[in-house]
Amino acid sequence: MKIEGTHHLNAPRDRVYQWLIDSQVLQRCIPGCERLEKTAENTYTTTIRTGVGAIKGVFTGTVRLEDMRPSEHYRIVVEGKGAPGFLKGAGNLDLEQEGEGTLIKYTGDLQLGGTIAGVGQRMIQGTAKMMASQFFTALRAEAKTVTGEPPPKHGFFRTALRWFSGWLRRRFGSAA
């Protein structure tokens with residue numbers, strides 16, 4: 001399955017890149033991430049609680065960052081398994097400076113196996129898009145913090161409210 005998309009953040013490209021390789025920021029922003037620990041240079045172990053439809057569970061696995069070109073690109077390779085099945089994937093993140101902000105372009109391929117693979121491509125694709133949206137909404141909240149401030153609180157309801165608020169602003173103008 002292929003996934004791709006773009007997101008814009010109102011922050012300089014260097015700062016956005018640093019967030020995207022910071023394990024603490026990533027752990028706060030990745031939906032369902034319970035643990036993300038560095039085990040070697042650009043390699044992490046992770047535990048994520050997630051699911052598709054009625055099939056939910058805990059996945060443990062590894063994340064590796066490759067082909068790193070600071071402030072502009074990296075490749076991420078993930079492998080995980082849990083009771084609902086397994087996943088393997090790789091993706092590229094490219095960052096472009098756009099005025100005062102940063103445009104993030106991502107593309108990737110994901111392979112699923114086990115019970116979770118039986119859910120269906122359309123449902124898995126929808127869940128992947130939703131998780132990407134939640135991730136970037138949480139990252140956008142991180143971008144609004146001033147250096148030295150405590151990080152923002154995340155969670156399903158806070159992230160959903162931030163997403164809905166942003167949707168209203170885009171739909172009805174910045175007055176909302």
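Residues numbered from 1 in each chain as written. Predicted model: local features only at pLDDT ≥ 70, side-chain atom pairs only at ≥ 80, totals over all residues. Heavy atoms only, no water.

Enquirer: Break down the overall build of the protein for me, with residues and values.
Expert: When helices and strands are tallied, the protein shows 4 helices and 7 strands. The linear arrangement of helices and strands in the protein, starting from the amino end, is β-α-α-β-β-β-β-β-β-α-α. A total of 176 residues make up the protein; the buried ones form 36% of that total. Long-range pairs, those at least 24 residues apart, make up 48% of the contacts in the protein with a sequence separation of at least 6. By element, 55% of the accessible surface of the protein is carried by carbon and sulfur atoms, the whole surface being about 10,300 Å². (Helix = DSSP H or I, 4+ residues; strand = E, 2+ residues; numbered from the N terminus. Buried < 20%, exposed > 50% of the residue type's maximum accessible area, 1.4 Å probe, protein only. Contact = heavy atoms within 4.5 Å. Areas by Shrake-Rupley, 256 points an atom, 1.4 Å probe, with all protein chains shown as cover.)

Enquirer: Describe the packing of helix H1 (residues 13-20) against helix H3 (residues 121-143), naming the residues involved and giving the relevant values.
Expert: Two numbers describe how H1 lies on H3: the axes approach to 11 Å, and their chain directions differ by 125°. For the element pair H1 / H3, the angle class is oblique. Judged by the twist between their axes, the crossing of H1 over H3 is right-handed. Counted together, Arg15, Trp19 and Leu20 of H1 and Phe135, Leu139, Glu142 and Ala143 of H3 form the full contact between these two elements. For the contact of H1 with H3, the residue count by class is 5 nonpolar, no polar and 2 charged. (Axes fitted to C-alpha atoms, helices over the stretch in contact; angles between N-to-C directions. Parallel < 35°, antiparallel > 145°, perpendicular 65-115°, else oblique. Left-handed = near helix turned anticlockwise from the far one by under 90°. Nonpolar A, V, L, I, M, F, W, Y, C, P; charged D, E, K, R; others polar.)

Enquirer: So what's going on with unusual backbone geometry? Residues and values would help.
Expert: Within the chain, Asn42 stands out as a residue other than glycine whose phi angle is a positive 60°. As for its position among the elements, Asn42 is in the loop between strand E2 (33-40) and strand E3 (43-52). The phi dihedral of Ser71 is positive, around 75°, even though this residue is not glycine. One can find Ser71 in the loop between strand E4 (55-69) and strand E5 (73-82). Judged by relative accessible area, Ser71 falls into the buried class, the value being 13%.

Enquirer: Describe the packing of aromatic side chains, listing the residues and the values that go with them.
Expert: Going through the model one piece at a time under the given rule, you end up with 3 aromatic pairs. Ring plane angle 25° and centroid distance 5.6 Å describe the contact between Tyr106 and Phe136, whose orientation is recorded as stacked. Separated by 30 residues along the polypeptide, Tyr106 in strand E7 (residues 101-113) and Phe136 in helix H3 bring together distant segments of the chain. Looking at Tyr106, the relative accessible area reads 14%, which means it is buried. (Phe/Tyr/Trp six-rings, centres within 6.5 Å; stacked < 30°, edge-to-face > 60°.)

Enquirer: So what's going on with the sheet that holds E3? Which residues, and what values?
Expert: Overall, antiparallel pairing links the 7 strands, which are arranged E1-E7-E6-E5-E4-E3-E2 in an open sheet. Of all the strands in the sheet, the pair left with one neighbour each is strand E1 (2-9) and E2. Shown here is a sheet whose adjacent strand axes are inclined to one another by a mean of 25°, direction ignored. Sheet topology note: the E5/strand E6 (residues 85-98) ladder contains 10 bridges and is antiparallel. Across the sheet, the residue bridging to Gly80 is Leu87, located in E6. The strands touched by H1 are E1, E4, E5, E6 and E7; relative to E6, the strand with the most contacts, the crossing angle is about 165°. Strands E1, E3 and E7 of the sheet are contacted by H3, whose axis makes an angle of about 20° with E1. (Pairing = 2+ DSSP bridges.)

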